[in-house]
Amino acid sequence: MDATTAGRTSRALELIHSMTYFLPETQDALVAAGLPPRACYFAGRAAPLGRVGAGVVTATFYNFNRELIAPLIPAAWDIASPDEIMAIRYDTLDAAFARLLGPEVLTSADMAEAADLASIAARGIPGDDGRPLYAAYAELDWPTAPHLVLWHALTLIREYRGDGHLAALQTAGLSGLEALITHTATGYGFEKEFARKRRGWSTEQWDGAVASLADRELLSSDGALTQDGKDLRTLVEDITNDLAVAPWAALGEDGAARLVSLATPWRETIVGAGVIPDGVFGPAIKKK
């Protein structure tokens, strides 16, 4: 399988992984456990890393302002342990899958097949060198229910790809904030104001980084990507795809296409149910 096809496959399936960050079941349960609402994402995603501090979370998540994370992490671990948080995530994810897709889908042959295919891909990842967030998730026990196997496998693939993406951004010389701004400018990232606020950046910090990118001739005066900016973002995506091809190569083109075919109706159901809030993704995502 070529790297470009592998990248398309990852993007086609990513929302099934990402829904966990927006599920009311998960948010409500973590808040009920005592976490501040804003801490739920950071503690939930970082829990497999253990009791790490704000610096580690900022580094591995990359495009958040450390000033946003520091009041929340590591304080979250004194409220609920990483193991407790992971148990809550899987329990609420199980409930959300049942609510969104229904028991007939969860116990179907299609779901079992999709879980098997995703597992082949995830187990085809050759190693964890330079992939800290993937490595943390890879040390977790695999669930047994097929829909949770599917989610776990897609999460391993997502974090493996994400760790490689950070290497690509570093190669391109883009800081976390600069990466966020340029990705937003492609139309495939978050909406600008959602990105700025959700990632904890002030207007002054955002505008300062925009000015710096304009000085490097990566953005035009109106904040659009220049040709150099487009070329750099293309380079980032090409490197990311190259570094993330292994699981899909292990599954093969036919297997990957079958997995996408099986999972696409479920993805559309999740989106149609309003799990992903309005104003999150840019116009290029909305056109899909």
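In this text the structure is predicted, and so the values were computed from the model without any measurement. (Residues numbered from 1 in each chain as written. Predicted model: local features only at pLDDT ≥ 70, side-chain atom pairs only at ≥ 80, totals over all residues. Heavy atoms only, no water.)

1. Examining the confidence of the model for the protein
Any residue range with low pLDDT should be treated as having predicted coordinates unsuitable for detailed reading. Overall, the prediction assigns the protein a mean pLDDT of 94, with 97% of residues at 70 or greater. Across residues 284-288, where pLDDT falls below 50, the model places seven contacts with residues more than four positions away in sequence or in other chains. (pLDDT = per-residue confidence, 0-100. Contact = heavy atoms within 4.5 Å.)

2. Some points on helix H4 (residues 54-61)
Listed in full, the buried residues belonging to H4 are Ala54, Val57, Thr58, Thr60 and Phe61. Looking at the buried side of H4, the elements it contacts are helix H3 (39-46), helix H5 (66-69), helix H9 (132-138) and helix H10 (146-172). Of the residues trailing H4, Tyr62 is marked for its positive phi of about 80°. (Buried < 20%, exposed > 50% of the residue type's maximum accessible area, 1.4 Å probe, protein only. Helix = DSSP H or I, 4+ residues; strand = E, 2+ residues; numbered from the N terminus.)

3. Some remarks on the pattern of salt bridges
Pairs can form between side chains of opposite charge whenever their charged atoms are close. Applying the stated criterion across every chain yields a total of eleven salt bridges. For Arg158, the salt bridge goes to Glu14, with nearest N and O atoms at 3.2 Å. A residue pair is termed long-range when its members are at least 10 positions apart, and Arg158 in helix H10 and Glu14 in helix H1 (residues 3-18) qualify at 144 residues. In this structure, Glu113 and Arg258 form a salt bridge, with 2.9 Å as the shortest nitrogen-oxygen distance. Of the two residues, Glu113 sits in helix H8 (residues 109-123) while Arg258 sits in helix H16 (residues 253-272), which places them 145 residues apart along the sequence. One salt-bridge network, held together by shared partners, links Glu14, Arg45, Arg158 and Glu159. (Salt bridge = Lys/Arg side-chain N within 4 Å of Asp/Glu carboxyl O.)

4. Details of the packing of H10 against helix H14 (residues 227-243)
Geometry of a packed helix pair, given as the angle between the helix axes and the separation of the axes. Across the interface, H10 lies against H14 with an axial gap of 8 Å and an inter-helix angle of 140°. The orientation of H10 with respect to H14, classified from their angle, is oblique. Relative to H14, H10 is oriented so that their crossing is right-handed. Residue-level contacts link Tyr160, Arg161, Gly164, His165, Ala167, Ala168, Leu169, Thr171 and Ala172 of H10 to Leu232, Arg233, Val236, Glu237, Ile239, Thr240, Asn241 and Leu243 of H14. Of the residues assigned to the contact of H10 with H14, the class counts are nine nonpolar, five polar and three charged. (Axes fitted to C-alpha atoms, helices over the stretch in contact; angles between N-to-C directions. Parallel < 35°, antiparallel > 145°, perpendicular 65-115°, else oblique. Left-handed = near helix turned anticlockwise from the far one by under 90°. Nonpolar A, V, L, I, M, F, W, Y, C, P; charged D, E, K, R; others polar.)

5. Observations concerning the environment of Ile157
With respect to the element layout, Ile157 can be found in helix H10. Through-space distance from the C-alpha of Ile157 to that of Leu213 is 31 Å; in sequence the pair is 56 residues apart. Not counting chain neighbours up to four residues away, the residues in contact with Ile157 comprise Ser10, Ala118, Ala121, Ala122, Ile125, Pro247 and Trp248.

6. Considering H14
For H14, with 17 residues, the first-to-last C-alpha span of 24 Å sits near the 24 Å given by 1.5 Å per residue. Regarding H14, the residues found buried are Gly229, Leu232, Arg233, Val236, Thr240 and Asn241. (Expected span 1.5 Å × (residues − 1).)

7. Some remarks on the side chain of Thr26
Residue position: Thr26 is located in helix H2 (residues 24-32). The class of Thr26 is buried, set by a relative accessible area of 4%. A polar atom in the side chain of Thr26 sits 2.8 Å from the side chain of Thr92. Excluding residues within four positions of it along the chain, Thr26 makes contact with Thr20, Arg89, Thr92 and Leu93. (Polar contact = N/O pair within 3.5 Å; in protein donor to acceptor, adjacent residues only side chain to side chain.)

8. A word on the environment of Asp254
Secondary-structure assignment places Asp254 in helix H16. For Asp254, a relative accessible area of 69% translates into the label exposed.

9. Observations regarding the packing of H1 against H14
Running from N to C, H1 and H14 point in directions that differ by 90°, and their axes come no closer than 8 Å. Considering their axes alone, H1 and H14 lie roughly perpendicular with respect to each other. Side by side, H1 and H14 meet where Ala3, Thr4, Gly7 and Arg11 of the first sit next to Glu237, Asn241 and Asp242 of the second. For the contact of H1 with H14, a count of residues per class yields one nonpolar, three polar and three charged.

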